[in-house]
Amino acid sequence: MSTHDTAPSVFRRTSVRLATVAVGLAAVVGGAVLTAGTATAATSPYSDIVLGVGGDDASRLLTWYSAVNTDQVVQYAKASEVVNGTFPASAKTVTATGGATTSGEFNRVATLAGLAENTAYTYRVGTDGEWSTAYSFRTQHFDGDFDFLFFGDPQIGSSGNTANDAAGWTDTVNVATQAYPDAEMLFSAGDQVEKATDETQYAAFLQPDQLRQIPFVATNGNHDVGSKAYEQHFATPNTDRSAGPGTATASGGDYWFVHKDVLFLDINSNSLDDASHIAWMTQVIKDHGDEATWKVLAFHHSVYSAGPHATDADVVKRRADLPTVISQLGVDLVLQGHDHSYARSYLMHNGDKADPAEQPGADSVVAGPGGVLYVTANSASGSKYYDLQNKGFPWLSVQNQEKVRNYTAVEITDDTINVKTLRSQATSTQAVNSIVDSVTLSHAPAETSDGQTVQVTVPDAAPGEFVWTIDGSNGLVDLGTATDQGDHYAAAGAINPIRVTDTRTSGTPWSISGQVGDFSAGDRSFSGSYLGWTPRLVQAGGGAQAGPAVASGFVAGGKGLSVSSLLGQAPDGHDRGTAKLGADLDLEVPIDVSDGTYQATLTLTALS
Ligand SMILES: [Fe+2]
C-alpha cells in the first residue's frame with residue numbers, strides 16, 4: 001500500500017456575526033471656554049476675514065474683502081513669537097490673489113501652508129502700514145481623534161431682522177465652541193445668508209470671531225446662489241467648478257479635503273446635474289478614498305429630512321439619483337440642511353432602510369457595507385423653522401422640531417462617529433446644551449478580519465499542489481439582524497466560498513471541514529451549536545463533493561456546527577482541477593438571548 005504525504009493541516013478562520021439592536025449611552029457635554037483669538041488693531045479697509053480649511057491639515061485658506069484694490073498679503077507667525085502685536089522678522093508672508101467682487105469690493109485669497117501641528121499662529125492681512133486686526137488660530141495633532149461642529153442654515157436675514165438672526169447665530173457659535181473648545185472645524189449646512197447679494201447679511205454672518213480662529217467649511221445653499229458672493233467669500237480647497245457647476249451669476253463647484261482620518265466631500269446641490277456630482281465623487285473616492293478611514297459627504301438639500309422640502313420635486317430627484325451611489329461609494333455619513341428641522345435617518349442602503357429591524361432612535365448603529373447615516377440639521381440661528389410633515393417618511397429614525405436653535409457635534413475616532421445634536425437655546429423644559437439626539441455609528445468589522453489576512457498569505461496554485469483559500473476579500477460573514485420568530489431568533493447567510501485547487505497527479509483524497517465556537521458579545525454568549533449549514537458546490541471540478549447538511553441544534557437538538565462537520569471532499573483517485581465550496585448558514589437561537597452584536601469564529605480545516 002502506498003502512503004501519502006499528508007500536507008500540514010492549514011487553518012483558515014472566518015467570522016460569523018449576528019447583529020441585533022445594540023444599546024448605547026448618550027454622553028453629557030461638558031463646558032469650557034474658548035481662548036483663541038485676540039484683536040489688536042484698529043479700523044482698516046479689510047473686512048470679512050474667514051479662515052477656511054485647506055487641502056490638508058498643514059494648510060488653511062484665508063479669504064477677505066477689501067475696500068481697496070491694492071497688493072495685499074497675509075503675514076503669519078507662531079503666536080508665541082508675536083509680542084505686543086509685533087510680528088517677528090521670521091514671519092511668513094504670502095501674496096494674496098483676488099479681484100473685484102459682484103458687490104463692488106475686492107476679495108483676496110491666500111494659503112497658509114506648511115503649518116506645524118499642535119501650534120498656535122497669529123496672522124494679519126493687508127500690507128505694511130495698513131494691517132488688519134490680528135487673529136490667532138491653532139493647529140492640533142494631525143492624526144488621532146477629533147471633533148467638529150455642524151450648523152444648519154444660519155440664513156441670516158431670513159426672519160426679516162438681520163440683527164436678531166446674527167445674534168442667534170453668534171450665540172450658537174459661542175455656546176458650541178465653549179462646549180467643544182477643541183472643535184477643529186465649523187461646518188455649515190449651507191444657506192449662510194438669506195440673500196446672496198446682501199453684504200450686510202454677510203457681514204452679520206461673519207460677526208463671530210470664531211470664523212477667523214477655527215477653520216470654516218462652507219456649503220453652498222439655495223440662498224447662496226443669487227450672486228457670486230459665496231465663492232468670493234469662501235475659498236474652498238480642491239474645487240472642481242465643472243462638477244455641480246454654477247452659472248455666470250451663481251456660485252458652483254464640488255470640493256474635497258482630507259482632515260486626519262476623514263475624507264470630506266462637499267457638493268453644490270444647487271446643481272441638479274447629478275451625473276456630474278456622481279462622476280466627481282466617484283473619481284475623488286477612487287483617488288483619495290484610501291487616505292482615510294471615514295468618508296463624510298455634505299450637501300445642502302437634504303434627501304432624508306422631515307419638513308416640507310422633503311417632498312419638493314428637486315429633492316425627490318436627488319433622492320432618486322444619489323443614495324445608491326452614496327452607498328456604493330462607501331460614504332459613512334451625510335450632513336445636510338435646507339429643511340430647518342432636525343432629522344436622523346436609519347442606516348440607508350441603496351436608498352432603503354438597511355436593516356428592517358433597526359429601532360427608531362437607536363443610540364448606536366452598526367453599518368455593514370453600503371450603510372449610510374444621513375443627518376439633517378435644524379437652524380443654528382433661529383432665523384426660520386419649518387414644521388415637521390409627520391407623514392411617516394420611511395427613512396426617519398429621529399425627527400425633532402422645538403423651534404429652538406441647535407448645533408451638532410461630530411466626534412470622530414478610529415472606530416466610531418458620534419453625532420450629537422444639542423440645543424444652543426433653552427426650551428421651557430430643556431437647558432442649553434441638552435441633547436436633542438445622539439447616535440454612534442460604527443462599521444461592522446469587515447475588511448480587516450482574519451479571513452482576509454489569511455487569504456493574502458496564500459500563494460497562487462502551482463502545478464502539482466493542493467491549495468485552498470477563502471474566496472473573496474470580505475472575511476466577515478454578516479448574518480445581519482436576526483428576526484423574531486416567536487420562540488426563537490433566526491438569521492441566515494452564507495460563508496465566503498472556499499476555492500480548492502488540486503493539481504497533483506496522485507489523486508490523493510482531501511477534505512475540508514468546519515467547526516464554530518460559541519458566539520459572544522462582551523460577557524454574554526450562546527452556543528455555536530445553534531448554527532447549522534447546508535454545504536453546496538458553487539463550482540464543480542476535480543471530483544469535489546459537498547458535505548451533508550447539518551441542522552441548527554435549536555431545531556434538531558444536536559450539536560450543530562459546534563462539532564467538526566464536513567464542508568466538502570474529493571475521494572481517492574479524483575480528477576485534477578479546481579472546485580469552489582460554499583455553504584448556506586442557518587442560525588436559530590432561543591428567544592431569551594440578550595440583545596447584542598455577537599461574533600463567533602468558524603475554523604476551517606483542510607486535510608490531504
Ligand atoms: Fe435651503
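Residues numbered from 1 in each chain as written. Predicted model: local features only at pLDDT ≥ 70, side-chain atom pairs only at ≥ 80, totals over all residues.

A. Structural detail: the overall build of the protein. Of regular secondary structure, the protein possesses eight helices and 40 strands. Burial status across the protein gives 49% buried among its 608 residues. By sequence separation, contacts in the protein at least 24 residues apart represent 75% of the contacts at least 6 residues apart. (Helix = DSSP H or I, 4+ residues; strand = E, 2+ residues; numbered from the N terminus. Buried ≥ 20, exposed ≤ 12 C-beta atoms within 10 Å, placed from the backbone. Contact = placed C-beta atoms within 7 Å.)

B. Main features of the pairing of strand β39 (residues 577–590). Of the strand pairs in this sheet, strand β31 (residues 488–494) and β39 are connected by seven bridges, and their pairing is antiparallel. Note that in β39 the partner of G493 across the bridge is L585. Note: strand β32 (residues 498–502) against β39, five bridges, orientation antiparallel. Paired with D502 across the bridge in β39 is G577. Relative to β39, strand β36 (residues 531–539) runs antiparallel, the two being bridged by eight bridges. Bridging across to β39, L537 finds its partner in L581. (Pairing = 2+ DSSP bridges.)

C. Here's a closer look at the environment of N107. Considering the arrangement of structural elements, one finds N107 in strand β7 (residues 106–112). Judged by the 24 C-beta atoms lying within 10 Å of it, N107 is buried. The spacing of N107 and V68 is 39 residues in sequence and 9.4 Å in space, taken between C-alpha atoms. Once residues within four sequence positions are removed from consideration, N107 is found in contact with T63, Y65, G98, G99, T101 and Q232.

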